[in-house]
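# A structural walkthrough
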Amino acid sequence: MAIMVNQDTRLIVQGITGREGSFHTKQMIEYGTNLVGGVTPGKGGEWVHGKPVFDTVKKAVDATGANASIIYVAAPYAPDAIYEAVDAGIQLIVCITEGIPIIEMMKVYQYLSYHNSRLVGPNCPGLLAPGIAKIGIMPGYIGTPGNVGVVSKSGTLTYEVVYALTQAGMGQTTCVGIGGDPIIGTNFVEALQMFEEDPETEKVVLIGEIGGRAEVDAAEFIKANMTKPVAAFIAGKSAPPGTRMGHAGAIIEGGEGTATEKIEALLEAGVRVADNPEQIPALLK
Amino acid sequence: MNLHEYQSKFRFAEFGIPILKGKTASTPQEAYEAARELGCPVVVKAQVLVGGRGKAGGVKVARTPEQAEDHANAILGMKIKGLTVRKVLIDPAANIAQEIYLGITNDRAAGRPVIMASSEGGIEIEQVARENPDAIAREHIDPFLGLLDYQARNLASGINLPHEHWRVFSRIAANLYRCYLASDAVLAEINPLVITGENQLIALDGKMIIDDNALFRQPQLAEMRDTDAEPKEETLARAAGISYVKLNGQIGCMVNGAGLAMTTMDMTKLYGGDEIGPANFLDIGGGAQASKVAAALRIILDDANVKSVLFNIFGGITRCDEVARGILEALNEVPSSLPMVIRLVGTNSEEGRAIIDNANIPNLSSAATLTEAAKKAVEAARKALAADKGAQ
């Protein structure tokens, strides 16, 4: 079993006719994801890789019974796409889009608190549940089924770690990229809670970075609630304060959000913290 | 993107926040003229994008226009925390009875804007938060409702503001929130907001940071970017669509993905110790077309401190053989004899490595793991540094 996705997941792609949307639709179908259609306003009636395109999310849900959506819509229009998915009753919404203004994400965050939908992202690589589904842009071949749960703020760094786990013979239940923005739909604590409750997940890997206090909150949660072993890596130890390191969320502000304080909190919670991401598989043994 | 004090305050004024209407000057002569027009005494304030200007001698009171000219002469060109002062703000001097703090920022954990006030103005809010957290009053703002009147009153009450100022204070708070929203700010801060001897509230100093993600819809603010205040490589990188931050080490890093780019920096520091470290953060983004790799390589090599270059590319959707060809093409366009370590991992990594190895370029070497790549790049930089020392 995986977290957030299962055999009943029926996925639609918002922005399916775009360059990114169409490319990744093909990849997700080839992986075996149960992808049932897509949405592009004004292109209803077309087909992409053998899947029907609808004008609205509501129509897509009515016709296909979709319960999950992946969003590849450009930043200025992505919040609208999220609201449309929420209002159509989609349970799991994954938003890949990078560069959404923070104030727009704060409105989305507030709106989600009035509804039951779960958002993953934005600015994230999505989910990979090896052998079950791939919802997002993670390359499918990096993962293999197993009992490790991976949760991360990063993209390619996650691929590194997952690939290293796979090569070390340690498969994964689910790999979740929660995104590198300051305001995100699903945080570390929520993902950790799901891994703790998932009977198949036996060990967990957390990959964080500088900025904010999500890793410190995660450490407090692990200390108080987790029975499964956790290994972690925090990127950005060598980053200077006050400078944004690529991700909108990766900035040390007012002396807070440093790698050191996060590592200390995690160690304090009994987490095995790697200096080098290549050590992670060994730390889980 | 950070705005200067004068940019922030002039923006505040557009939203009805009272400021002392000063003038900027780029030469001592302009400072003299400004002081004469405004009427002395005036305050000559360095406009640089760092805190601690006062302590560094970048803020001075002038009693006459001549004195303003002298102060401007001393302050312009001065370096404060590594940044050169190119502009001063000449503000009328204020008669300060009390200093308070008022600022709005994003609370990541709450997912909402938070407005904060403190009776201890003129000090960095982070310091107040550490030393005297009870002095800070906070209200979270529902982005759909905006700042409510009662919340502004809660702040006024929370910092024991005399009742006579509540009405004006609430209006300033409401206007600051309007300004924050309309500017797509991630920080809008008045510090200090002063009560003058004449019992007026005035925003004496201001700071705004604009959300980089929102600049596409803030063309007026985007134009205010002070490219003088950043290394020229960063300006070039932005134009090329590359995320780059200049650092002080010797190893130029070229990586795809922000998290992996930070990790690569960390590895060079881990194995480089105190002497050797990363020269930059560089995220080349998705794909690795030759043109983009070449642009990034030019930027990296522009930094004279760079002694070796480390490529760390995870081929996810992009194939490593394509990336390898891109790197070779880029090296044709931007020739360099610096030692370069290339690590390609993921899709078609073996083919990619073979392409690099078969090119037989003496200063290129490939590495299989991140650890090996970082150690090799550190070793090459260490040798180059030792050779430099030997040559001296």
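Reading guide: rules and limits
Residues numbered from 1 in each chain as written. Chains lettered and ligands numbered in written order. Predicted model: local features only at pLDDT ≥ 70, side-chain atom pairs only at ≥ 80, totals over all residues. Heavy atoms only, no water. Helix = DSSP H or I, 4+ residues; strand = E, 2+ residues; numbered from the N terminus. Buried < 20%, exposed > 50% of the residue type's maximum accessible area, 1.4 Å probe, protein only. Contact = heavy atoms within 4.5 Å. Areas by Shrake-Rupley, 256 points an atom, 1.4 Å probe, with all protein chains shown as cover. Domains from an automatic or database assignment. Buried area = accessible area lost by both parts, 1.4 Å probe. Salt bridge = Lys/Arg side-chain N within 4 Å of Asp/Glu carboxyl O. Polar contact = N/O pair within 3.5 Å; in protein donor to acceptor, adjacent residues only side chain to side chain. Nonpolar A, V, L, I, M, F, W, Y, C, P; charged D, E, K, R; others polar. Pairing = 2+ DSSP bridges. Axes fitted to C-alpha atoms, helices over the stretch in contact; angles between N-to-C directions. Parallel < 35°, antiparallel > 145°, perpendicular 65-115°, else oblique. Left-handed = near helix turned anticlockwise from the far one by under 90°. Patch = residues over 30% accessible without salt bridge, like charges linked within 9 Å, V, L, I, M, F, W, Y side chains within 5 Å. Expected span 1.5 Å × (residues − 1).

Looking only at helices and strands, chain B has 13 helices and 19 strands in total. When its C-alpha atoms are laid out on the principal axes, chain B stretches across 80 × 50 × 40 Å. Counting over 392 residues, chain B shows a buried share of 53%. Put simply, of all contacts in chain B between residues at least 6 apart along the chain, 69% involve residues at least 24 apart. Taken as a whole, chain B presents about 16,500 Å² of accessible surface, with 48% of it coming from carbon and sulfur.

Residues and elements named next belong to chain A. One can read the domain layout of chain A as domain 1 (11–120) and domain 2 (126–284). Its C-alpha centre places domain 1 at a distance of 25 Å from the equivalent point of domain 2. Opposite the 19 residues of domain 1 that make contact, domain 2 presents 23 residues. Carbon and sulfur atoms make up 67% of the area that domain 1 and domain 2 hide from each other, which totals about 1,700 Å². Of all residues in domain 1, Y31, R118 and V120 give up the largest surface area on contact with domain 2, accounting jointly for 34% of the area buried on that side. Residue E190 is joined to R118 by a salt bridge in which the shortest nitrogen-to-oxygen separation is 3.5 Å. Taken together, domain 1 and domain 2 are joined by 5 residue pairs in polar contact (both at pLDDT 80 or more). Looking at the side of domain 1 that touches domain 2 residue by residue, the classes come out as 14 nonpolar, 4 polar and 1 charged.

Moving on, we come to the pattern of salt bridges. Residues and elements named next belong to chain B. Under the criterion given, the structure shown has 32 salt bridges over all chains. We note a salt bridge from K45 to E5, for which the minimum N-O separation is 2.7 Å. Of the two residues, K45 is situated in strand β3 (residues 42–46) and E5 in helix α1 (residues 5–14); the sequence distance between them amounts to 40 residues. What makes K45 buried here is its relative accessible area of 9%. Residue R319 is joined to E322 by a salt bridge in which the shortest nitrogen-to-oxygen separation is 3.3 Å. Assessed through its relative accessible area of 34%, R319 is described here as partly exposed.

As a general point, the strands of a sheet are linked pairwise by backbone hydrogen bonds and lie either parallel or antiparallel. All names here are of chain A. The 7 strands are arranged β9-β8-β11-β10-β12-β13-β14 in an open sheet whose pairing can be described as mixed. The two strands at the open ends of the sheet, each matched to only one other strand, are β9 (133–136) and β14 (272–273). Strand direction decides the pairing type here: strand β8 (residues 126–129) and β9, joined by 4 bridges, are antiparallel. Bridging from a neighbouring strand, L127 pairs with I135 of β9. Contacts from helix α7 (residues 214–225) reach β12 (203–209) and β13 (230–235), with the element oriented near 155° to β12.

Per the domain assignment, the segments making up chain B are domain 1 (22–92), domain 2 (96–222) and domain 3 (231–391). For domain 1 of chain B and domain 3 of chain B, the distance between their C-alpha centroids amounts to 42 Å.

All names here are of chain B. At their nearest, the axes of helix α5 (residues 149–158) and helix α6 (residues 166–182) sit 9 Å apart, and the two run at 125° to each other. If you check the angle between α5 and α6, you find them oblique. At the point where α5 passes α6, the crossing takes the right-handed sense. Between α5, through A152, R153, L155, A156 and S157, and α6, the contact on the second element is made entirely by W166, F169, S170 and A173.

Right, let's get into the sheet that holds strand β7 (residues 88–92) of chain B. Residue and element names in this part refer to chain B. Read from one edge of the open sheet, 4 strands run β2-β7-β3-β4, paired in antiparallel fashion. Bordering the open sheet on either side are β2 (23–25) and β4 (59–62), each of which pairs with just one other strand. Put simply, the sheet's adjacent strands are angled 25° from each other on average, direction ignored. Across 3 bridges, the pairing between β2 and β7 is antiparallel. In the sheet register, A25 faces β7, and the bridge partner there is V88. Against the sheet, helix α2 (residues 28–38) makes contact with β2, β3 and β7, and its axis sits at roughly 160° relative to β2, the strand it touches most. Helix-sheet contacts for helix α3 (residues 65–75) involve β3, β4 and β7, and the interaxial angle to β4 is about 165°.

On to the interface of chain A and chain B. With 57 residues of chain A in contact, the opposing surface of chain B contributes 53 residues. Summing both partners gives a buried area of about 4,000 Å² for chain A against chain B, and 62% of it is carried by carbon and sulfur. Among the salt bridges present, the one from E278 of chain A reaches R343 of chain B, with a minimum N-O distance of 3.8 Å. Taken together, the connections running from chain A to chain B amount to 18 residue pairs in polar contact (both at pLDDT 80 or more). Of all the secondary-structure elements, those providing two or more residues to the side of chain A that touches chain B are α1 (19–31), α4 (102–112), α5 (156–167) and β13 of chain A. Broken down by element, the residue count for the side of chain A that touches chain B peaks at 8 residues, all from α4 of chain A. The residue makeup of the side of chain A that touches chain B, split by class, is 31 nonpolar, 16 polar and 10 charged.

Let us now look at a nonpolar patch on the surface. Residues L145, L148 and Y150 of chain B make up a contiguous nonpolar surface patch of roughly 280 Å² in combined accessible area. In this structure, L148 of chain B sits in the loop between β10 (136–140) and α5.

So, on to α7 of chain A. All names here are of chain A. Helix length check: α7, at 12 residues, gives a terminal C-alpha distance of 16 Å against a target of 16 Å (1.5 Å per residue), a fit within 8%. Taken together, the buried positions of α7 are occupied by E215, V216, A218, A219, F221 and I222. Buried-residue contacts for α7 involve α6 (188–197), β12, β13 and α8 (259–268).

The peptide bond linking G121 of chain A to P122 of chain A adopts the cis configuration, its omega dihedral lying at 10°. Each neighbour pair has its own omega, and for N191 of chain B with P192 of chain B the value is 10°, a cis peptide bond. With respect to the element layout, P192 of chain B can be found in strand β11 (residues 185–196). Look at D184 of chain B: it is not a glycine, yet its phi comes out positive at around 50°. Note that D184 of chain B resides in the loop between α6 and β11. Classification of D184 of chain B as buried rests on a relative accessible area of 4%. The phi torsion at N199 of chain B lies on the positive side, around 70°, for a residue other than glycine. Take N199 of chain B: it is sitting in the loop between β11 and β12 (201–203).

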